[in-house]
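The primary structure of each chain is shown beneath.
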Amino acid sequence: MTFELPPLPYALDALAPLMSEETLSYHYGKHLQAYVAGVNRLVANTPFAAMTLEKIICTSDGALFNNAAQVFNHTFFFETLRPAPNAIGTELRRTIERDFGSAEAFKAQWLQAATNLFGSGWTWLVQEADGRLAIRNYADADNPLRENVTPLLTADVWEHAYYIDYRNRRTDYLEALWQLTDWGIVEALRIKFAAA
Ligand code: MN
């Protein structure tokens, strides 16, 4: 299987000024593109060439795992951002209030977890097997796919994600991401996985 750069669901300048065209041009057009090319190069003439991206992530390690996981992570990340995002809906809000106390407490925990992740990595919101929501940090390319949880949202905290627009101010970038996050898409993922 040949992997392709997934389409970006908005124009490169659509998230500006919170996320600039320059950032998206590099982050989507160069970083993600390089990970896609890396997977294709590394699976060539191996049994991995017949697998889905998710299967590769669950069964590989080293450079192939890193490139495949980064394709999944970035695709997921860009997919949940929108220029005019939907707010948190009633059902999701109820679950957030149950599991974090309030929407404000959830946002505070989310920002704190992502701010405190040391070095490069990803902060994920996941739904655990018992239906409870949880925030988890993962280093480098790692993600929750090999665990029995449903991924719902992720924040890329690699410096390449924010250094052009926010320099070292990761928390300012995370606040911008929060404003660009489409909670309708997060809720749709929850419903989709609940029905599966
Ligand atoms: Mn990135």
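Residues numbered from 1 in each chain as written. Predicted model: local features only at pLDDT ≥ 70, side-chain atom pairs only at ≥ 80, totals over all residues. Heavy atoms only, no water.

(A) Summary view of the coordination of the manganese ion. Every protein donor of the manganese ion is listed here as His-27 (NE2), His-74 (NE2), Asp-156 (OD) and His-160 (NE2), and their distances to the metal cover 1.9 to 2.1 Å. Within one chain, the residues serving as donors to the manganese ion are arranged as H-x46-H-x81-D-x3-H. One end of the pair, His-27, is in helix H1 (residues 21-43); the other, His-160, is in the loop between strand S3 (149-156) and helix H6 (163-166), with 133 residues separating them in the sequence. With relative accessibility at 0%, the residue His-27 sits in the buried group. (Donors = N, O, S within 2.8 Å, 3.2 Å for Na, K, Ca; no water. Helix = DSSP H or I, 4+ residues; strand = E, 2+ residues; numbered from the N terminus. Buried < 20%, exposed > 50% of the residue type's maximum accessible area, 1.4 Å probe, protein only.)

(B) Focus on the sheet that holds S3. One open sheet accounts for three strands, arranged S2-S1-S3; its pairing is antiparallel. Of all the strands in the sheet, the pair left with one neighbour each is strand S2 (133-139) and S3. The mean angle between the axes of side-by-side strands here comes to 30 degrees, regardless of whether they run parallel or antiparallel. Here strand S1 (residues 121-128) pairs with S2 via seven bridges, running antiparallel. Its bridge partner lying in S2, Gln-127 is registered against Leu-133. (Pairing = 2+ DSSP bridges. Axes fitted to C-alpha atoms, helices over the stretch in contact; angles between N-to-C directions.)

(C) The arrangement of the pattern of salt bridges in detail. What the rule picks out here adds up to ten salt bridges. Ionic pairing is found between Glu-91 and Arg-94, a salt bridge with its closest N-O pair at 2.9 Å. Of this pair, Glu-91 and Arg-94 both sit in helix H4 (residues 90-100), three residues apart, which is roughly one turn of that helix. A network of salt bridges, in which partner residues are shared, links Arg-98, Asp-99 and Arg-132. (Salt bridge = Lys/Arg side-chain N within 4 Å of Asp/Glu carboxyl O.)

(D) The packing of aromatic side chains, seen in detail. For the structure on display, the rule yields 14 aromatic pairs. Geometrically, the ring pair formed by Tyr-28 and Phe-78 is edge-to-face, given 5.9 Å between the ring centres and 85 degrees between the ring planes. Placement of the pair is Tyr-28 in helix H1 and Phe-78 in helix H3 (residues 62-79), with a sequence separation of 50 residues. Of the two residues, Tyr-28 and Phe-78, neither departs from the other in class, the shared state being buried. Pairing Phe-72 with Phe-76 gives two aromatic rings, centres 5.8 Å apart and planes at 45 degrees, and the pair type is tilted. (Phe/Tyr/Trp six-rings, centres within 6.5 Å; stacked < 30°, edge-to-face > 60°.)

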